[in-house]
Every structure is written in C-alpha cells, then in structure tokens.
Amino acid sequence: IFEAFTGFETNNKYKVQNSLGQKIFMAKEDTDCCTRQMCGPLRPFDMTICDLTGTEVIHLYRPLNCQGCCFPCCLQTMEVHSPPGTVIGTIEQDWSIIYPRFTVKDESGEPVLRIHGPCWTCSCGGDVEFNVLAANDDTKVGMISKQWTGFAKEVFTDADNFGISFPLDLDVKVKATLLGAVFLIDFMYYEQKK
C-alpha cells in the first residue's frame, strides 16, 4: 500500500506456499534504497529465502544488466545458491525479439530445462503461462504462471501471485533453481516501472 500511494520502491517480500496453501518459505530482497529508486526493475539484488525457523536455505543473486531485445549482449542472469555460497544453478535469458526465453542450468553450467513465455506477458483478465520444457526437446514438464489477482490489485500495486508446477521426481537443486526463475520473471515483466 505504501508503494502504491508514494511511488517509493521498498524491498520486495514474498511468501512461498505449497499447493495446500501452507507457508514453507519467506523471501526478502536485499538492496539499498538508492539502487531501488534509480534502477527500478532492472536493479541488481540479493534475495534470501528462509525456512520457517528463519534459516537461510536458498540465496539468489542477480547482477545489474540492461534489458532490451535489441541488446543480445546484455541478457539477464541469476545465480541460485544453496547453501548460501554454493552455486547449484543459474537462470539465463536467451536472446529473442518477441518471446521471453530462458535456459535453466545446473551447477556445472549444463542446460537442464528451458522456459518459454508468451509474446504478450500482460495479465489482462487471466493467467499468463510460462511453459517449462525439457532441455533437448519441446516436451512440457511444468509451468510457471503469473496468476490474475483482480483488477484493483493488478492496476494499483505490483503485488503478484505466481504458481509453479514441476515433476515430483525433479532434482531438488533444479526445483530450487526454478523457484529462482519465478523471482527473475517477476522482476523482468511484472515489477512496475516508476
């Protein structure tokens, strides 16, 4: 509410819930005030994801990069660490003029999944789906969806709800990296520009 009325960007906070609606993690962005105000949704950040006891279990790092389809040399990336300090995966934006495209890589830099989003990422009365595909073919193995939350919340705030689905037998490190992809997608396409 504070952001909606003042336009002053604060550190983002998130609740991560399971399919039953039970809270399993809390996530909080860690950036300084100047970076948030000057860089907006392009800002670099560290994000801590803690369990319910307050212990950090996943750490995300996004460096500062320009964003634009005309600059294939400045694509977005994010590192996923678990435990903090140990890289378990990365999310790298793939160059595409029209469609959002990402590659999810494991700790050795090998592609394990791809994410393909729609041409139109605006949520106009319905969910926006980003398909999670196998690394080597177009087999759909999951989905990240930006869920429609109602007209007032969509227009006047940058608070969003996301859903993520993946196979239960997926490696836990890849699951954590996909969770990181949700935060990168949120910042790139749904964080309001001031």
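See the structure printed just above.
Quick caveat: nothing in here was measured; it's all calculated off a predicted structure.

1. Description of the pattern of salt bridges
Line of reasoning, step 1. Applying the stated rule across the entire model yields six salt bridges.
Line of reasoning, step 2. Here arginine 43 and glutamate 29 are joined by a salt bridge, their closest N and O atoms 2.6 Å apart. In this pair, arginine 43 sits in the loop between α2 (33–39) and β3 (45–50) while glutamate 29 sits in strand β2 (residues 23–30), placing the two residues 14 residues apart along the sequence.
Line of reasoning, step 3. Taken together, the salt bridges that share partners define one network made up of Glu29, Arg43 and Glu191.

2. Description of unusual backbone geometry
Line of reasoning, step 1. Cis peptide bonds are those with omega within 30 degrees of zero, and the linkage from serine 82 to proline 83 qualifies with -5°.
Line of reasoning, step 2. Inspection of the secondary structure puts proline 83 in the loop between β5 (77–81) and β6 (87–93).

3. Side note on helix α4 (residues 172–190)
Line of reasoning, step 1. Here α4 spans 26 Å end to end across 19 residues, near enough to the 27 Å set by a 1.5 Å rise per residue.
Line of reasoning, step 2. Extensive coverage of α4 is indicated by the burial of 15 of its 19 residues.
Line of reasoning, step 3. Measuring from the backbone nitrogen of lysine 173 back to the side-chain oxygen at the start of α4 gives 2.8 Å, which picks out aspartate 171 as the cap.

4. So, the sheet that holds strand β4 (residues 56–62)
Two strands in a sheet stick together by hydrogen bonds in their backbones, pointing the same way (parallel) or opposite ways (antiparallel).
Line of reasoning, step 1. With antiparallel pairing, 11 strands are arranged side by side in an open sheet as β1-β2-β3-β4-β5-β6-β7-β8-β9-β10-β11. Each of the sheet's edge strands pairs with one partner strand only, and the pair in question is β1 (13–17) and β11 (161–165). Mean inter-strand twist for the sheet, computed between neighbouring axes without regard to direction, equals 20°.
Line of reasoning, step 2. As paired elements, β6 and strand β7 (residues 101–106) share five bridges and run antiparallel to each other.

5. Notes on the pairing of strand β10 (residues 140–147)
Line of reasoning, step 1. When strand β9 (residues 128–134) meets β10, the two strands line up antiparallel, connected through six bridges. Each residue of the ladder has a partner; that of phenylalanine 130, found in β10, is isoleucine 144.
Line of reasoning, step 2. Linkage of β9 to β10, two consecutive antiparallel strands, is achieved through a turn of five residues.
Line of reasoning, step 3. By the bridge criterion, five bridges tie β10 to β11 in an arrangement that is antiparallel. Bridge pairing links serine 145 to glycine 163 in β11.

6. Here's the deal with the side chain of glutamate 191
Line of reasoning, step 1. Inspection of the secondary structure assignment puts glutamate 191 in the segment after α4.
Line of reasoning, step 2. According to the relative accessible area criterion, glutamate 191 is buried, its value standing at 3%.

7. Observations regarding the pairing of β5
Line of reasoning, step 1. By the bridge criterion, three bridges tie β4 to β5 in an arrangement that is antiparallel. When the bridges of β5 are listed, leucine 60 appears paired with valine 80.
Line of reasoning, step 2. Bridge count for β5 against β6 is five bridges, and the pairing is antiparallel. Across the sheet, the residue bridging to valine 80 is glycine 89, located in β6.
Line of reasoning, step 3. Adjacent in sequence and paired antiparallel, β5 and β6 are bridged by five residues, among which glycine 85 carries a positive phi angle near 105°.

8. So, the side chain of lysine 146
Line of reasoning, step 1. Topologically, lysine 146 is positioned in strand β10.
Line of reasoning, step 2. Overall, lysine 146 belongs to the buried group, its relative accessible area being 0%.
Line of reasoning, step 3. Within the structure, the side chain of lysine 146 is placed 3.3 Å from the side chain of aspartate 160, a separation counted as a polar contact.

What counts as what
- Residues numbered from 1 in each chain as written.
- Predicted model: local features only at pLDDT ≥ 70, side-chain atom pairs only at ≥ 80, totals over all residues.
- Heavy atoms only, no water.
- Salt bridge = Lys/Arg side-chain N within 4 Å of Asp/Glu carboxyl O.
- Helix = DSSP H or I, 4+ residues; strand = E, 2+ residues; numbered from the N terminus.
- Expected span 1.5 Å × (residues − 1).
- Buried < 20%, exposed > 50% of the residue type's maximum accessible area, 1.4 Å probe, protein only.
- Polar contact = N/O pair within 3.5 Å; in protein donor to acceptor, adjacent residues only side chain to side chain.
- Pairing = 2+ DSSP bridges.
- Axes fitted to C-alpha atoms, helices over the stretch in contact; angles between N-to-C directions.

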